[in-house]
Amino acid sequence: MTQPADVPGAQPPPSPGGGDQAGPPATPDNPQATGAPQTGAQADAGPSRAGKTTYVAKTLHDTGSVSARQQMSQAAQRSLSVDRLGIYAAAGVHAEGDLIGLQVNMATEQTLLPGRLPDAVYLSVKEAFVGDEKDLITAVEQLGAVPTLVVCDQPGRGRLARAVRVLQLMEHATIRVVRAVKDLKDNVVEGTGYIYMPADSGVVDMRELDSLGVQLSHAGARLILILPPERITVELLEIQIQLPPGPSAMDVLRRHLSWRLAEESAAATTVVQSMMADFVADDAPLRHAADLAQWIFEARSDNGYDYESVRARVDERTRTAFEIWFDQLDRESQVFAIALAVLNDLPYEYVVDAARSLRRRVMPPITVLNAGSEGNEIAVRAPADTFQISRRERLTRLHAIVERKDVRGEYGMAPADVIRYRNPAYAPQIIQRAWSQYAAQAQLLDWLRELAVHPAEPVRVWAATAIGILTAESFDYLCETALETWALSKSMYARSAVAHALHVPASDPRLRPHVRKLAATWADAAAMTEATDLTDDDFEVDRLAQATAARIYGVTLGRDEPDESLSALRRLAEIDDIRVALAVGESLAELLLDRPERAEPILANVLSWLDEDADNEDLAATAHLAFLILATSLVVEVPRAEGAADAFSWPMLLHLAAEKPALGFGIARIWHYAMSTTRYFPEQADLVLAQWLRQVADDQRAWSPLATLASQICFDDLGLHQHLLTLVETWITDGTLTPSNAAAAAVRDKLISQR
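Here's a quick rundown of the structure. Remember, it's a predicted structure, so these values are computed and weren't measured experimentally.

## Regarding the sheet that holds strand S11 (residues 400-409)
Taking strand neighbours across the sheet as the criterion, the three strands line up as S8-S12-S11 in an open arrangement whose pairing is antiparallel. Of all the strands in the sheet, just strand S8 (346-347) and S11 have a single pairing partner and so form its edges. The pairing of S8 with strand S12 (residues 412-421) spans two bridges and is antiparallel. Bridge pairing in S12 places proline 347 opposite valine 418. Relative to S12, helix H14 (residues 331-342) is tilted by about 130°, and along the sheet it contacts S11 and S12. Of the strands in this sheet, S11 and S12 touch helix H16 (residues 391-398), which is tilted by about 105° from S11.

## Observations regarding the packing of aromatic side chains
Working definition: an aromatic ring pair is given by the centre-to-centre distance plus the angle between the planes. Under the definition given, this model contains ten aromatic pairs. Aromatic pair tryptophan 325 and tyrosine 426: ring centres 5.1 Å apart, planes at 70°, arrangement edge-to-face. Taken together, the residues tryptophan 325 in helix H13 (residues 307-327) and tyrosine 426 in helix H17 (residues 426-436) connect sequence positions 101 residues apart. An identical accessibility class is assigned to tryptophan 325 and tyrosine 426; each is buried. Taking the centre distance of 5.2 Å and the plane angle of 80° together, the rings of tryptophan 671 and tryptophan 692 count as edge-to-face. Here tryptophan 692 lies in helix H32 (residues 682-695) and tryptophan 671 lies in helix H31 (residues 661-677), a separation of 21 residues in the sequence. A residue is classified by how much of its surface remains accessible, and tryptophan 671, at 0% relative accessible area, is buried. Grouping aromatic residues by their ring pairs yields a cluster made of Phe322, Trp325, Phe326, Tyr421, Tyr426 and Tyr438. Taking NZ or CZ as reference, arginine 391 lies 4.9 Å from the ring centre of tyrosine 348, over its face. Over the face of the ring belonging to tyrosine 493 we find arginine 460, whose NZ or CZ atom lies 3.7 Å from the ring centre.

## Examining the sheet that holds strand S4 (residues 193-196)
One open sheet accounts for five strands, arranged S1-S3-S4-S5-S2; its pairing is mixed. Bordering the open sheet on either side are strand S1 (115-116) and strand S2 (148-152), each of which pairs with just one other strand. Across five bridges, the pairing between S2 and strand S5 (residues 222-227) is parallel. Each residue of the ladder has a partner; that of valine 151, found in S5, is isoleucine 226. Lying over the sheet, helix H7 (residues 159-169) contacts S2, strand S3 (175-178), S4 and S5, oriented at roughly 165° with respect to S5.

## Brief notes about the environment of valine 453
Along the chain, the position of valine 453 falls in the loop between helix H18 (441-452) and helix H19 (457-473). Each C-alpha atom of the pair valine 453 and methionine 492 lies 8.5 Å from the other, and the pair is 39 residues apart in sequence.

## A look at the environment of alanine 620
By the secondary structure assignment, alanine 620 is in helix H29 (residues 617-633). Taking C-alpha positions, alanine 620 is 5.3 Å from tryptophan 609, a pair spaced eleven residues apart along the chain.

## Overview of the packing of H29 against H32
Taken N-terminus to C-terminus, the directions of H29 and H32 make an angle of 15°; their axes are 10 Å apart at the nearest point. As summarised for this structure, H29 and H32 are arranged roughly parallel, according to the angle between their axes. Crossing hand, H29 versus H32: left-handed. Touching Leu628, Ala631 and Thr632 of H29 are Gln684, Ala685, Val688, Gln691 and Trp692, all from H32.

The rules behind the values
Residues numbered from 1 in each chain as written. Predicted model: local features only at pLDDT ≥ 70, side-chain atom pairs only at ≥ 80, totals over all residues. Heavy atoms only, no water. Pairing = 2+ DSSP bridges. Helix = DSSP H or I, 4+ residues; strand = E, 2+ residues; numbered from the N terminus. Contact = heavy atoms within 4.5 Å. Axes fitted to C-alpha atoms, helices over the stretch in contact; angles between N-to-C directions. Phe/Tyr/Trp six-rings, centres within 6.5 Å; stacked < 30°, edge-to-face > 60°. Buried < 20%, exposed > 50% of the residue type's maximum accessible area, 1.4 Å probe, protein only. Lys NZ or Arg CZ within 6 Å of the ring centre and 35° of its normal. Parallel < 35°, antiparallel > 145°, perpendicular 65-115°, else oblique. Left-handed = near helix turned anticlockwise from the far one by under 90°.

Right, dumping it as structure tokens:
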């Protein structure tokens, strides 16, 4: 390998998560964006490390923070988890949530048709209502003798039960459900209580209610409207019951079990409650908890309780309720639901953009005649009505919430409106249903490919995880139609997406051997040249496939197979290609971050590769670049004080050296290679040291370990000792480091005392 040239005018690599964008952001698929700096993904064209040394600073920047990326990957897997089963055990897929929503709109279980409230519902509310009835009556009395009342709450929070209980407490012996207010005109029955829940698109006509109020008053009857908060108008506020706080799902389950199992002993009832507790999530619809109590009662026999039959009934209801809910959404809502499923728990704006992009792919254009050209047709896509539905209404329809919180972006932590499903099981189920039950596979893959190379790293990671969910469902199809093509992409982002996607099937024991075989195939991949006689000379090793394989040998396979992955990375590290070398470095960083206790064998491998400089310069060059990636992309959070919420960021290698002094000598030896012995990228090692000094400048606890490490780096090497001392003094005076940088002063003083 030829000796690389110095990096002219190179700047210190930015701190993890940092970055610099001038003008429109460049993406791997848009390298010509005006005013945008090139990324490593665009710098893929020249493979040799020797020819790429001028790009080392940029490629280190493109690697970014492996620590932040791994946190994102773990968060994405939590947000899109497929390990949540059952409607009550954190899967809670429901439609409107309460009885009317489930049984009128969804037709699951028995259908609650307009007419008299079923005796079973009437009795269960009367005997097992959970809540302070005195507060409920007081809230009604505060409104005066009005014939029309409003119960307002989110679906699933016991709206119907409270409406029924209000009418029972007001001594209405007969309660009826009505489909529309107009059905009551001239049909009000004396002493009857009525319940009405308008459809999503229905409009509450106050004039109609006022007119009906006269008839209700004359007949001693009452009407209760059930509405979500976003449907409340100023006029309706005057007749809204101020409800006391509602119970939890577990409170409802306990109360209904106590009622239905009244003949059982208290101890036996407690055992049943504990057995069923896992079925009930904190945010489960209250009606579901009541139904669960009924199903348990029905599963009772002389031999005890058939819990398996209860679980089967729960699972069936989960599946049916979810399918009906999703399939009955309008097309715009389905598109938004899919975008939210893929980007669950990310800022709202990303989801809106993703939904807009998916809409362009799945909403068919309208074919119209072109008046300017006889017989020709043109396709016109109807524009989206951006003000057709408000965010609040969309959230209600999709059972999602928006929370204001700090999120990590390219420039650090910043506040954002984060949107997510109320129940985390929605995300994987929507992704799977959109894929398996509709003929939109091609459009979904094209859309996910776009998200996988998005400028924002969280979007890329979340999209790759969603691709992983689909890969676990349709492994061969996804590999043949997408992953094998993306693995050969010139886009670093697309190749990384393959590795992230394979996290999901790699966790499945049945698919893990397939992932292992895929990585081995790409590690040995060959591509055809332009010759056509199909001799051995017509093929050359595909470095892009090998770069993808190197990424898979990171945490995707390395978490459970660290020794095998290190061996595979060692073989790939001998390749003279900067794309492969960068992938090897990233994977080593992932392995070290995922298993800090394995730091010794991982760093020992890097050191052994450096030791082979004389015999294997490609391996040594990869080791040098890998060390720079480890040094710049791995950070750990060190609390400012015991129990404090905020923390300082330390370079992970420095933290390991401080925590394990014996390991610190090995780290210092690698630093010595990077700054003195090796021929590759020496100035970059100097700049990484400057980055470390800036990073720990505000944490006094780091100064001594860093000074100790610096002295170990140049131990018994007077030339390097003088070089380091001159570097630090120069940085303090030329503005690279601030004069007040106490970490630099500590390093300088330590080096001076070592003379």
